[in-house]
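Listed here are the chains, written in short residue letters.
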Amino acid sequence: MQRLIAGNWKMNKEMRQCKEYAESFNAYFKETMVEVLVCPPLPFVYYLARHLHPLVKLGAQDVAAFEPGPYTGEISATMARSVGCLYSIVGHSERRKYFGEDDKLINIKARLARQHAITPIICVGETSAQRKAGKAKAIVKKQVLSCTNKLAAPSFVIAYEPLWAIGTGKNAAPEQAEDMHAFIRQLLTKKYKGKGKDVRIIYGGSVTPENCVPLIRQKNVNGFLVGGVSLDAKRFCEIIAKCGM
Ligand code: PGA
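All values derive from a computational prediction rather than experimental measurement.

Asker: Explanation requested: the overall build of the protein in the structure shown.
Answerer: A tally of helices and strands in the protein yields 10 helices and eight strands. By the compact-globule yardstick of 18 Å for 245 residues, the protein fits well, its C-alpha radius of gyration being 17 Å. Burial status across the protein gives 52% buried among its 245 residues. Pairs at least 24 apart in sequence give 73% of the contacts found in the protein among residues at least 6 apart. When the 36 positive and 21 negative side-chain charges of the protein are each reduced to one mean point, those points stand 6 Å apart.

What follows is the structure, given as structure tokens:
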């Protein structure tokens, strides 16, 4: 299956920096077998869709849980699609933490995205306390099954992002990631039979050009969701290049 390397800019950069980023990215980027996705803040999507290398796809970091209408401040899946988003992250741990999003809401968002031809990247992952208490798999199982309710496989991506690895510089060890990814694969094949094998399960949490190779070599690690490092075009391109080998 084709690997997916996605960058999540979170709430970073301004318009002027998008221009610099596009120039720098295009200078470092080499054509590759992996699918490359950049998820910037939505105001920048329209510009980046026209200025980044044509092989790069654009995605949103979130979509509204409603169809267009009186929902001040929200951006619908239809709108994201109309400016060029082919993917949307949903249920990122920062959305869960700061905006109170739960599995039920995330599932609504994922289904709406799907209805408007956007592939949802559904984020799951346990906290450090949950892992220490031996509850990591139970937590992830509940998140995966609830968030994929009424979704068909393989029309979504799962991003396993342990909270203790996000933005901490402490990535999951390759065996730890594979252990959880294999577990998620098992859940998906049980739920979707043969089609569960085709769902991409990507890893996120302190991925860098230095640690990405042993992680991507794991059987069930089908790509990455890269936060901090994706803000640096040169380093993000290094990850893309290493995953295309
Ligand atoms: P990080 O973020 O790569 O900065 O750890 C990953 C994410 O939150 O998607």
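Asker: Could you clarify how one ought to interpret helix H8 (residues 174-192) in this entry?
Answerer: The α-helix winds at 3.6 residues per turn, so residues separated by three or four positions along the chain end up facing the same way. Over its 19 residues, H8 extends 26 Å from the first C-alpha to the last, a length consistent with the 27 Å expected when each residue adds 1.5 Å. Looking only at H8, the buried set comprises Pro-174, Ala-177, Glu-178, Met-180, His-181, Phe-183, Ile-184, Arg-185, Leu-187, Leu-188 and Tyr-192. Residues of H8 that are buried sit in contact with strand S5 (119-124), helix H6 (128-132), helix H7 (136-147), strand S6 (157-160), strand S7 (200-204) and helix H9 (212-216). Positive phi shows up at Lys-193, right after H8, with a value of about 55 degrees.

Asker: I keep staring at the site of the ligand and nothing clicks. Help me out?
Answerer: Taken together, 13 residues lie near the ligand, and Lys-10, His-92, Glu-161, Gly-167 and Ser-206 sit nearest. Contacts to the ligand include Ser-206, whose backbone N or O atom sits 2.7 Å from an oxygen atom. For the ligand, an oxygen atom lies 2.8 Å from a polar atom in the backbone of Gly-227. Expressed as a share of its isolated accessible area of 280 Å², the protein-covered part of the ligand is 94%. According to the grid-proximity analysis, the pocket containing the ligand is the second largest pocket.

Asker: Any chance you could explain the pairing of strand S4 (residues 85-90) here in plain terms?
Answerer: For a regular strand, side-chain orientation follows a simple rule: the groups alternate between the two sheet faces. Buried residues dominate S4, accounting for five of its six residues. Here strand S3 (residues 56-60) pairs with S4 via three bridges, running parallel. Of the residues in S4, the one forming a bridge with Gly-59 is Tyr-87. For the crossover from S3 across helix H3 (residues 77-82) to S4, the handedness is right-handed. Inspection of the sheet shows S4 paired to S5 by four bridges, in the parallel sense. Bridging across to S5, Ile-89 finds its partner in Ile-121.

Asker: Quick question: what am I supposed to make of the side chain of Ser-88 here?
Answerer: Looking at where Ser-88 falls in the secondary structure, it is placed in strand S4. With sequence-adjacent residues up to four places away left out, Ser-88 is seen in contact with Ala-60, Gln-61, Asp-62, Val-63, Ile-118, Thr-119, Pro-120 and Ile-121.

Asker: It is not clear to me how the pairing of S6 should be interpreted in this structure. Could you clarify?
Answerer: The alternating pattern of S6 places Val-157 and Ala-159 and Ile-158 and Tyr-160 on opposite faces, both of which are buried. As paired elements, S5 and S6 share four bridges and run parallel to each other. Bridge pairing in S6 places Ile-121 opposite Val-157. The pairing of S6 with S7 spans four bridges and is classified as parallel. By the bridge assignment for S7, Ala-159 is matched with Ile-202. For the crossover that starts at S6, traverses H8 and ends in the parallel S7, the hand is right-handed.

Rules and cut-offs
- Residues numbered from 1 in each chain as written.
- Predicted model: local features only at pLDDT ≥ 70, side-chain atom pairs only at ≥ 80, totals over all residues.
- Heavy atoms only, no water.
- Helix = DSSP H or I, 4+ residues; strand = E, 2+ residues; numbered from the N terminus.
- Rg over C-alpha atoms; globule rule 2.2 N^0.38 Å.
- Buried < 20%, exposed > 50% of the residue type's maximum accessible area, 1.4 Å probe, protein only.
- Contact = heavy atoms within 4.5 Å.
- Lys, Arg positive; Asp, Glu negative; His and termini not counted.
- Charge placed at Lys NZ, Arg CZ, Asp CG, Glu CD.
- Expected span 1.5 Å × (residues − 1).
- Near = heavy atom within 4 Å.
- Polar contact = N/O pair within 3.5 Å; in protein donor to acceptor, adjacent residues only side chain to side chain.
- Areas by Shrake-Rupley, 256 points an atom, 1.4 Å probe, with all protein chains shown as cover.
- 1 Å grid on protein atoms, 1.4 Å probe; cavity = no way out; pocket = protein on both sides within 12 Å on 5 of 7 lines; lining within 4 Å.
- Sits in = over half its atoms within 2 Å of the grid points.
- Pairing = 2+ DSSP bridges.
- Right-handed = clockwise from strand over helix to strand, strands pointing away.

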